[in-house]
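These are the residues of each chain, in order.
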Amino acid sequence: MRKPEFVYVTYIETTPAKLWEALTSSAFTRRYWWNTEVKSDWKVGSPFALVTNGTPTDVGEVLEFDPPRRLSYTFHHLLNEAAKKERPSRVTFVLEPAGKLVKLTLTHEDFAEDSVVLGGISSGWPAILSSLKSLLESGTALEIPPPCGGIQ
Amino acid sequence: MNIDDFKPAIVYTIYIASTPEQVWQALTSAEFSRKYFFGNAVEVDLRVGGAYIMRTPDGSLHINGEVIECDPPRKLTVTFNVNWPALIEKLGPTLVTYQIEPAGDAVRLTMTESHDRPLSDDILSGGRQGWPAILSSLKSLLETGAPLAVKMAPPQRMLEALKAMGIGTP
């Protein structure tokens with residue numbers, strides 16, 4: 001039996017350096033991620049947080065920071081009570097040049113059994129990464145209503 | 001063939017700054033599909049039971065299927081059988097469903113590939129590799145006017161698994 005995991009691949013016409021900045025700069029993430037800021041000093045072992053309109057929604061610890069190739073952090077959701085009780089899961093971004101494009105692979109794994117977080121992130125990541133792709137390619141992020149991304 | 005026997009094996013969701021009508025058009029017209037579907041041209045008779053085929057750039061038949069559900073511009077379900085000897089006998093039919101839903105000013109497109117039996121990760125690796133490239137390019141085409149030039153090696157892992165089952169691969 002496969003371990004439960006969520007894998008999402010997308011191709012973006014940009015450079016690894018720009019995509020790396022888009023994933024790690026809070027000024028950038030606010031533009032495509034429902035006004036969410038990523039907060040970290042990005043040293044391995046340092047705290048990581050997602051902060052939406054001033055409220056921390058998810059926290060973790062930086063596991064890997066290898067620009068512009070691999071970024072990994074643990075992920076513990078804080079708002080939903082059931083999700084809050086679960087142990088942290090793990091998020092990894094891999095950036096690979098592919099001609100004029102970058103192949104971005106997101107893997108979110110190491111979930112608790114019957115994880116409610118897995119359900120939420122399965123709706124959230126496609127919306128977030130679609131908006132990121134639009135922003136990098138066309139200059140305009142998507143306005144996706146938060147409930148479409150599994151956010152109440 | 002009973003559609004209820006099919007279970008989703010690959011699901012890919014992507015949001016596009018477009019309209020449901022334009023996404024429908026992109027999924028059902030050869031002029032569009034040639035640009036984002038590795039050069040393949042879709043030809044579809046948009047009624048239940050109508051033919052759904054895809055031709056490679058040299059004109060040969062690549063996908064041979066039929067329309068199962070057709071509800072423009074919301075839902076299109078087709079059988080999506082790669083035209084390789086013994087493939088359908090060994091793997092059963094492949095079902096592809098495109099679901100198109102408004103999401104604010106954008107459109108949510110969900111592609112689901114389903115099968116009536118469990119298939120190995122080796123066989124599914126071809127679709128897992130191909131669909132993200134195809135649908136990423138479709139999104140770029142609709143948003144910027146230009147598809148992506150995705151360079152991709154042939155799905156070797158899948159081809160070897162099919163060959164081992166006695167399926168005729170190119």
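Right above here is the structure, for reference.
As a starting point, this report considers the structure included with it. (Residues numbered from 1 in each chain as written. Chains lettered and ligands numbered in written order. Predicted model: local features only at pLDDT ≥ 70, side-chain atom pairs only at ≥ 80, totals over all residues. Heavy atoms only, no water.)

Notes on the overall build of chain A
When helices and strands are tallied, chain A shows 4 helices and 7 strands. Along the chain direction, N to C, the helices and strands of chain A fall in the order β-α-α-β-β-β-β-α-β-β-α. A globule of 152 residues ought to have a C-alpha radius of gyration of about 15 Å, and chain A, at 15 Å, matches this closely. Looking at chain A as a whole, 51% of its 152 residues are labelled buried. Pairs at least 24 apart in sequence give 47% of the contacts found in chain A among residues at least 6 apart. Surface exposure of chain A reaches about 7,200 Å², of which carbon and sulfur atoms provide 53%. One way to put it: in chain A the 16 positive side-chain charges average out to a point 4 Å from where the 18 negative ones average out. (Helix = DSSP H or I, 4+ residues; strand = E, 2+ residues; numbered from the N terminus. Rg over C-alpha atoms; globule rule 2.2 N^0.38 Å. Buried < 20%, exposed > 50% of the residue type's maximum accessible area, 1.4 Å probe, protein only. Contact = heavy atoms within 4.5 Å. Areas by Shrake-Rupley, 256 points an atom, 1.4 Å probe, with all protein chains shown as cover. Lys, Arg positive; Asp, Glu negative; His and termini not counted. Charge placed at Lys NZ, Arg CZ, Asp CG, Glu CD.)

Considerations on the pattern of salt bridges
Applying the stated criterion across every chain, the model contains 17 salt bridges over all chains. Between Glu43(B) and Arg55(B) there is a salt bridge, and its shortest N-O distance comes to 3.0 Å. Remark: Arg55(B) occurs in strand 3 (residues 51-55) and Glu43(B) occurs in strand 2 (residues 41-44); sequence separation between them is 12 residues. Under the relative-accessibility criterion, Arg55(B) is labelled partly exposed at 29%. As a salt-bridge pair, Asp45(B) and Arg47(B) come within 2.9 Å of each other at their nearest N and O atoms. Owing to a relative accessible area of 32%, Asp45(B) belongs among the partly exposed residues under this scheme. Overlapping salt bridges, with partners in common, bring together Arg87(A), Arg90(A), Glu109(A) and Asp110(A) in one network. (Salt bridge = Lys/Arg side-chain N within 4 Å of Asp/Glu carboxyl O.)

Here we look at the nonpolar core
In terms of nonpolar packing, the biggest core is built from 86 residues, with Phe93(A) and Trp125(A) touching the most fellow members. By residue number, the principal contributor to this core is helix 4 (residues 116-138) of chain A, which donates 10 residues. In contact with Phe93(A), other than residues within four places in its own chain, are Leu23(A), Arg69(A), Arg70(A), Leu71(A), Tyr73(A), Leu104(A), Thr105(A), Leu106(A), Trp125(A) and Leu129(A). In this structure, Leu101(A), Ala133(B), Leu148(B) and Val150(B) belong to the second largest nonpolar core, which totals 6 residues. (Core = buried A, V, L, I, M, F, W, Y, C linked by side-chain atoms within 4.5 Å.)

Considerations on the interface of chain A and chain B
Contacts between the two partners involve 20 residues from chain A, matched on the other side by 25 residues from chain B. Roughly 1,700 Å² is buried in total at the junction of chain A and chain B, and carbon and sulfur atoms are behind 60% of that figure. Our count for the chain A to chain B interface comes out at 14 residue pairs in polar contact (both at pLDDT 80 or more). Broken down by element, the side of chain A that touches chain B gets its largest block of residues, 7 residues, from helix 4 of chain A. For the side of chain A that touches chain B, a count of residues per class yields 10 nonpolar, 5 polar and 5 charged. (Buried area = accessible area lost by both parts, 1.4 Å probe. Polar contact = N/O pair within 3.5 Å; in protein donor to acceptor, adjacent residues only side chain to side chain. Nonpolar A, V, L, I, M, F, W, Y, C, P; charged D, E, K, R; others polar.)

Comments concerning the environment of Thr52(A)
Residue and element names in this part refer to chain A. Its place among the elements puts Thr 52 in strand 3 (residues 47-52). By relative accessible area, which is 18% here, Thr 52 ends up buried. The spatial distance from the C-alpha of Thr 52 to the C-alpha of Ala 82 is 20 Å, given a sequence separation of 30 residues. Discounting chain neighbours no more than four positions away, the residues touching Thr 52 are Trp 34, Asn 35, Thr 36 and Thr 57.

A look at the packing of aromatic side chains
Given two aromatic rings, their pairing is described by the distance between the two centres and the angle made by the two planes. Residues and elements named next belong to chain A. Scanning the entire structure with this criterion turns up 17 aromatic pairs over all chains. Seen in terms of ring centroids, Trp 42 and Tyr 73 are 6.4 Å apart; in terms of plane orientation they differ by 40°. Their pairing is tilted. Placement of the pair is Trp 42 in the loop between strand 2 (36-39) and strand 3 and Tyr 73 in strand 5 (residues 70-77), with a sequence separation of 31 residues. Taken individually, Trp 42 and Tyr 73 each receive the classification buried, so the pair is uniform in this respect. (Phe/Tyr/Trp six-rings, centres within 6.5 Å; stacked < 30°, edge-to-face > 60°.)

Some details on the sheet that holds strand 6 (residues 89-98) of chain A
Residue and element names in this part refer to chain A. The sheet built from 7 strands is open, its strands ordered 1-7-6-5-4-3-2 with antiparallel pairing. The outermost strands of the open sheet, each flanked by one partner alone, are strand 1 (6-12) and strand 2. Taking each pair of neighbouring strands and ignoring which way they run, the sheet shows an average axis angle of 20°. Where strand 1 lies against strand 7 (residues 101-109), 7 bridges are found, and the strand directions are antiparallel. The partner of Ile 12 across the bridge, within strand 7, is Val 102. Along the sheet, helix 4 contacts strand 1, strand 5, strand 6 and strand 7; its crossing angle with strand 1, the most-contacted strand, is approximately 5°. (Pairing = 2+ DSSP bridges. Axes fitted to C-alpha atoms, helices over the stretch in contact; angles between N-to-C directions.)

Everything listed is a geometric property; what it means functionally is a separate question.
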